[in-house]
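Listed below are the residues making up each chain.
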Amino acid sequence: MTKEKIEYYRKLGLKMTPQRLAILEYLEGNTSHPSAEDIFRHVEEKFPSMSFATVYNTLEALKERGLILELSIEPGKKRFDPNTEPHHHMICERCHKIFDVFEDFAVNLPEKYTKDFKVKRCEVVFYGLCKECQEKEV
Ligand code: ZN
Ligand code: MN
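Source: prediction; values computed, not measured. (Residues numbered from 1 in each chain as written. Chains lettered and ligands numbered in written order. Predicted model: local features only at pLDDT ≥ 70, side-chain atom pairs only at ≥ 80, totals over all residues. Heavy atoms only, no water.)

S.K.: Which residues make up the domain arrangement of the chain, and what are the values?
M.R.: Per the domain assignment, the segments of the chain are domain 1 (3-81) and domain 2 (88-137). Tallying the contact residues gives 7 residues for domain 1 and 9 residues for domain 2. Each partner contributes to the roughly 680 Å² buried at the junction of domain 1 and domain 2, and carbon and sulfur atoms together form 60% of this total. For domain 1, the biggest contributors to the area lost against domain 2 are His-33, Ile-73 and Arg-79; these three give 67% of the whole. Across the contact surface, domain 1 and domain 2 share 0 salt bridges. Viewed at the interface, domain 2 and domain 1 are joined by 6 residue pairs in polar contact (both at pLDDT 80 or more). If you list the elements that add at least two residues to the side of domain 1 that touches domain 2, you get strand S1 (69-74) and strand S2 (77-81). (Domains from an automatic or database assignment. Contact = heavy atoms within 4.5 Å. Buried area = accessible area lost by both parts, 1.4 Å probe. Salt bridge = Lys/Arg side-chain N within 4 Å of Asp/Glu carboxyl O. Polar contact = N/O pair within 3.5 Å; in protein donor to acceptor, adjacent residues only side chain to side chain. Helix = DSSP H or I, 4+ residues; strand = E, 2+ residues; numbered from the N terminus.)

S.K.: Can you lay out the sheet that holds strand S5 (residues 125-128) for me, pointing to particular residues and giving the numbers?
M.R.: Taken in spatial order, the 3 strands line up as S4-S3-S5 in an open sheet, and their pairing is mixed. Unpaired on one side and paired on the other, strand S4 (98-101) and S5 mark the two borders of the sheet. Neighbour-to-neighbour, the strand axes of the sheet open up by a mean angle of 20 degrees, direction not taken into account. When strand S3 (residues 88-92) meets S5, the two strands line up parallel, connected through 4 bridges. Within the sheet, the bridge partner assigned to Met-90 lies in S5 and is Phe-126. (Pairing = 2+ DSSP bridges. Axes fitted to C-alpha atoms, helices over the stretch in contact; angles between N-to-C directions.)

S.K.: Please provide a residue-by-residue account of unusual backbone geometry, values included.
M.R.: The backbone of His-33 sits at a positive phi, close to 55 degrees, despite the residue not being glycine. Here His-33 is to be found in the loop between helix H2 (18-27) and helix H3 (36-46). Not every positive phi belongs to a glycine, and His-96 is a case in point at roughly 65 degrees. In this fold, His-96 is placed in the loop between S3 and S4. With a relative accessible area of 34%, His-96 lands in the partly exposed category. (Buried < 20%, exposed > 50% of the residue type's maximum accessible area, 1.4 Å probe, protein only.)

Now the structure itself:
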């Protein structure tokens with residue numbers, strides 16, 4: 001991570017410990033939508049003494065500052081997305097991989113819903129089977 005980037009996080013009030021840096025580095029450009037457990041398992045390899053609370057607190061701090069999104073797509077498991085641009089998702093119901101959908105498409109709600117409610121944005125989740133899991137299905 002560049003010095004500028006570290007400085008940027010510091011200015012946002014994030015204490016930058018080596019563990020935190022490792023968490024941020026893991027998240028940077030990560031498109032796998034990891035859970036807190038996934039992040040913990042990854043960073044623990046480098047910092048075996050790190051506690052789960054460190055990951056949890058870091059994710060909370062990032063969330064508060066709008067630097068990551070918390071997704072409630074997978075039932076019972078929070079997943080995190082460092083890409084905070086508005087986008088949709090697809091989730092594989094078998095392997096739980098989450099894919100990004102960066103596409104603008106119209107979701108046409110019947111008028112009975114929109115006559116008294118002004119829709120500003122929407123996030124769609126597509127549930128299904130990924131390519132790999134479809135091939136295994138036969
Ligand atoms: Zn799958
Ligand atoms: Mn995403």
